[in-house]
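Architecture at a glance
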There are 2 protein chains.
Amino acid sequence: MSHQPAFHLQGTDNTAAFDPHFTQNVIKAIGPKASPRMREVMSSLIQHVHDFARENKLTVEEWMAGVDLLNWAGKMSDDKRNEGQLVCDVLGLESLVDEITFKLAGEAHDTATASAILGPFFRHDAPELPNESNIVHGVDDGEMTYMYGHVRDAKTGKPVVNATVDVWEASTNGLYEQQDDNQVDCNLRGKFRTDENGRYAYYCLRPTPYPVPNDGPAGKILELLDRHPMRPAHIHLIAIKEGYKPVTTQIFDSKSPYLEDDSVFAVKSSLLVDFVPLEGNAQAKLQLEYDITLIPNESGV
Amino acid sequence: MSHQPAFHLQGTDNTAAFDPHFTQNVIKAIGPKASPRMREVMSSLIQHVHDFARENKLTVEEWMAGVDLLNWAGKMSDDKRNEGQLVCDVLGLESLVDEITFKLAGEAHDTATASAILGPFFRHDAPELPNESNIVHGVDDGEMTYMYGHVRDAKTGKPVVNATVDVWEASTNGLYEQQDDNQVDCNLRGKFRTDENGRYAYYCLRPTPYPVPNDGPAGKILELLDRHPMRPAHIHLIAIKEGYKPVTTQIFDSKSPYLEDDSVFAVKSSLLVDFVPLEGNAQAKLQLEYDITLIPNESGV
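Residues numbered from 1 in each chain as written. Chains lettered and ligands numbered in written order. Predicted model: local features only at pLDDT ≥ 70, side-chain atom pairs only at ≥ 80, totals over all residues. Heavy atoms only, no water.

A word on the environment of A:Val60
- Along the chain, the position of A:Val60 falls in helix H3 (residues 60-76).
- Along the chain, A:Val60 and A:Pro213 lie 153 residues apart, while their C-alpha atoms are 29 Å from each other.
- The residues contacting A:Val60, other than those within four sequence positions of it, are B:Val97, B:Asp98 and B:Thr101. (Helix = DSSP H or I, 4+ residues; strand = E, 2+ residues; numbered from the N terminus. Contact = heavy atoms within 4.5 Å.)

Structure, rendered in structure tokens:
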């Protein structure tokens, strides 16, 4: 994709040299039975993709390099890795659609926990564990943390009982368990349920920065853009309770490097948290209190 | 991707509701060692993709449907099928970058043979055959055609000797040989060399309309857009000779249906040809004379 065109078309508006009806003809080919939303989204996609090609005078060679890269992403993807998603992530797209979706759903007011991207390492089948469990197995170079908090109703402030808090984090070597044959299945992952006081609690690692996988097309893009693959230290979580809008988010260690240049652009100031010393606990030297606020489904309409 | 957002943001410019610095921050992350062309193309891609997401208020669900579709395309692709390319083709992108590349290369003057898209069915390893060969094997319901012509120098009009004319076409069942286990390897495909008069000649089928493969994501897009998958009848060809710019094109039967609504938008009026009756030839009832004009490399600078 580094091909520099040898020639430039005359005039200041180079794009005027191309068939002025082409894009409209492609859009007009959409049939009457396409859904209104499909017509809206795909018309816009065609217009933007064509404008992108014309404005940059994209060559067949460059376009084909892009096709090869996307096909490569598809081939690399499986139930443990979504490389197409990661390609979007390093271009900021997942973070942007997350913001859009969050605002569309009417959740963007002060009382709700801010959302952040799901990322490519979520697993639907994480084990359900009792509160006070330790999700850390076989890691001896990490800082053990006691993380706890309450899930509350955004409207009433009352505790939400029996909510699911699904958490996952990378190990100190920068790998999630599905990337690492040396970790036990579902290491550093677990689903907890809030008790009668709306409280959850478990032991985890203080997270550490890590690179997104850069052995595929997302890594190739980062290399070509002279960018690093690092993400700031974070814990992923999803909180779900019937009758409430689910929240997908990440919380970031406020002392981590890469907060300003996250390779997937997911950091928001409202998601920074402080890990503080914990005394008198044999299992952990640090603690993190983190409350989650859920919006009832009936509000925000 | 048929999800209709339930809520709309206030104001006429919905996109103003989102972080106004987000896209610039993603673009600014490009490092100093990225090549100028990479910076130009990727900055524009990021801007267009983000604008597309904001303008359509793209949801996480819709975006993820797109990621799934692209991953699916990658998984389907192999050395016999390029589904990522076909996805681009049904959105008109290959035809557009072909036009752009052709014009950039300075080939867009009257004397040169017009280009058209390569398409996903080209094979690098087609057999080289002597002139007057028949590329049709095991097809008994087609109209045999004697195709011939001269390759000429666009500047001098003189014949180009020893040029390669690489041709391929679908069978009467609408399938290229690599899609069809019932066809012999490299059926309806061949490379010919022009003789001392710059002439090539071979026997082929009068092409017939066929659908692009619609068992994958490109077919899914066509279905969602309420479009048919048909292509007008055509023969692909590439003409190559050292010292000249290569030409990749398709020629279309001027009597074919779907000339006005080619599913991959490749038809140009300059590429329409007439199949006419041929008498006194036991091998073919039709003939097609088609001359190809190549531009010397040194011109057009």
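Resuming the write-up.
A look at the packing of aromatic side chains
- As enumerated under the stated definition, the model contains 16 aromatic pairs over all chains in all.
- Note on B:Phe192 and B:Tyr202: the rings are 4.7 Å apart at their centroids and 25° apart in plane angle, and the pair reads as stacked. Of the two residues, B:Phe192 is situated in strand S4 (residues 189-193) and B:Tyr202 in strand S5 (residues 199-205); the sequence distance between them amounts to ten residues. Across the pair, B:Tyr202 and B:Phe192 agree in class, each one buried.
- Here the aromatic residues A:Phe121, A:Tyr176 and A:Tyr210 are joined through ring pairs into a cluster of three or more.
- Over the ring of A:Phe102 we find A:Lys268, and its NZ or CZ is 5.8 Å from the ring centre. (Phe/Tyr/Trp six-rings, centres within 6.5 Å; stacked < 30°, edge-to-face > 60°. Buried < 20%, exposed > 50% of the residue type's maximum accessible area, 1.4 Å probe, protein only. Lys NZ or Arg CZ within 6 Å of the ring centre and 35° of its normal.)

Looking at the packing of helix H2 (residues 36-55) of chain A against helix H5 (residues 93-104) of chain B
- Axis separation between H2(A) and H5(B) bottoms out at 10 Å; the angle between their running directions is 15°. In terms of axis orientation, H2(A) runs roughly parallel to H5(B). Considering how the two elements wind past one another, H2(A) and H5(B) form a crossing that is right-handed. Counting all contacts with H2(A), which are made through A:Val49, A:His50, A:Ala53 and A:Arg54, the residues of H5(B) involved are B:Leu93, B:Leu96, B:Val97 and B:Ile100.
- Classifying every residue of the contact of H2(A) with H5(B) gives six nonpolar, one polar and one charged. (Axes fitted to C-alpha atoms, helices over the stretch in contact; angles between N-to-C directions. Parallel < 35°, antiparallel > 145°, perpendicular 65-115°, else oblique. Left-handed = near helix turned anticlockwise from the far one by under 90°. Nonpolar A, V, L, I, M, F, W, Y, C, P; charged D, E, K, R; others polar.)

Brief notes about the relation of the copies chain B and chain A
- Of the two same-sequence chains, chain B is brought onto chain A (RMSD 0.0 Å, axial shift 0.0 Å) by a rotation of 180°. Each copy turns onto its partner about a two-fold axis. The rotation axis passes nearest to the C-alpha of B:Gly74 in chain B, at a distance of 2.0 Å. (Least-squares fit on C-alpha atoms with pLDDT ≥ 70 in both.)

Brief notes about the confidence of the model for chain A
- Of the residues in chain A, 92% have a pLDDT of 70 or more, and the chain-wide mean is 90.
- For the stretch residues 1-14 of chain A, pLDDT sits under 50, and the model shows 26 contacts to residues farther than four places along the chain or on other chains. (pLDDT = per-residue confidence, 0-100.)

Some thoughts on the sheet that holds strand S10 (residues 272-273) of chain B
All names here are of chain B.
- Taken in spatial order, the five strands line up as S4-S3-S8-S9-S10 in an open sheet, and their pairing is mixed. Edge positions in the sheet fall to S4 and S10, since each of these pairs with one other strand and no more.
- Sheet topology note: the strand S3 (residues 164-168)/S4 ladder contains five bridges and is antiparallel. Residue pairing for S4: valine 165 is matched across the bridge by phenylalanine 192. (Pairing = 2+ DSSP bridges.)

Focus: the interface of chain B and chain A
- Each side of the interface is counted separately: chain B has 79 residues, and chain A has 79 residues.
- Carbon and sulfur atoms supply 69% of the area that chain B and chain A bury against each other, a total of about 7,100 Å² over both sides.
- Viewed at the interface, chain A and chain B are joined by two salt bridges.
- Of the charged contacts, one joins B:Glu62 and A:Arg37 as a salt bridge, the two residues approaching to 2.7 Å between their closest N and O atoms. (Buried area = accessible area lost by both parts, 1.4 Å probe. Salt bridge = Lys/Arg side-chain N within 4 Å of Asp/Glu carboxyl O.)

Considerations on the sheet that holds strand S10 (residues 272-273) of chain A
All names here are of chain A.
- On the basis of which strands lie adjacent, the open sheet formed by five strands has the order S4-S3-S8-S9-S10 and mixed pairing. The strands lining the two open edges of the sheet, one partner per strand, are strand S4 (189-193) and S10.
- Pairing geometry for strand S8 (residues 234-240) and strand S9 (residues 247-253), over six bridges, is antiparallel. Among the inter-strand pairings, histidine 236 is bridged to a residue of S9, identified as glutamine 250.

Points about the pattern of salt bridges
- One pass over the full model with this rule turns up 36 salt bridges over all chains.
- A salt bridge links A:Asp125 to A:Arg123, with the nearest nitrogen and oxygen atoms 2.9 Å apart.
- Overall, A:Asp125 belongs to the partly exposed group, its relative accessible area being 48%.
- Classification of A:Arg123 by relative accessible area gives buried; the value is 13%.
- Of the charged contacts in the structure, one is a salt bridge between B:Lys103 and B:Glu99, with a shortest N-O distance of 3.0 Å. Separated by four residues within a single helix, B:Lys103 and B:Glu99 lie in helix H5, roughly one turn from each other.
- Owing to a relative accessible area of 22%, B:Lys103 belongs among the partly exposed residues under this scheme.
- Salt bridges here are not isolated pairs; linked through shared partners, they connect A:Arg123, A:Asp125, A:Glu177, A:Asp185 and A:Arg189.

Considerations on the UniProt feature "domain: Intradiol ring-cleavage dioxygenases" (unreviewed entry) in chain A
- UniProt annotation of "domain: Intradiol ring-cleavage dioxygenases" (unreviewed entry) refers to residues 118-294 of chain A when read in the numbering used here.
- Between the C-alpha atoms that bound residues 118-294 of chain A the distance is 17 Å, and the span itself is 5% helix and 33% strand. (UniProt positions renumbered as here; feature names shortened; annotations may be inferred.)

Points about empty space enclosed by the protein
Residue and element names in this part refer to chain A.
- If you walk through the whole model with that rule in mind, you get three cavities of 30 Å³ or more.
- Approximately 60 Å³ is the volume found for the second largest cavity.
- Looking at the second largest cavity, it is lined by 13 residues, and the ones nearest its centre are Gly119, Pro120, Phe121, Tyr210 and Arg231.
- For the lining of the second largest cavity, the secondary-structure elements that each account for two or more residues are helix H4 (83-90) and S8.
- Looking at the lining of the second largest cavity residue by residue, the classes come out as eight nonpolar, three polar and two charged. (1 Å grid on protein atoms, 1.4 Å probe; cavity = no way out; pocket = protein on both sides within 12 Å on 5 of 7 lines; lining within 4 Å. Points joined across faces, edges and corners; volume = space filled by probe spheres on them.)

What to know about the side chain of B:Asn71
- Topologically, B:Asn71 is positioned in helix H3 (residues 60-76).
- The exposure class of B:Asn71 is buried, given its relative accessible area of 6%.
- Apart from residues lying up to four places away in sequence, B:Asn71 is in contact with A:Ala73, A:Gly74, A:Ser77, A:Asn82 and A:Gly84.

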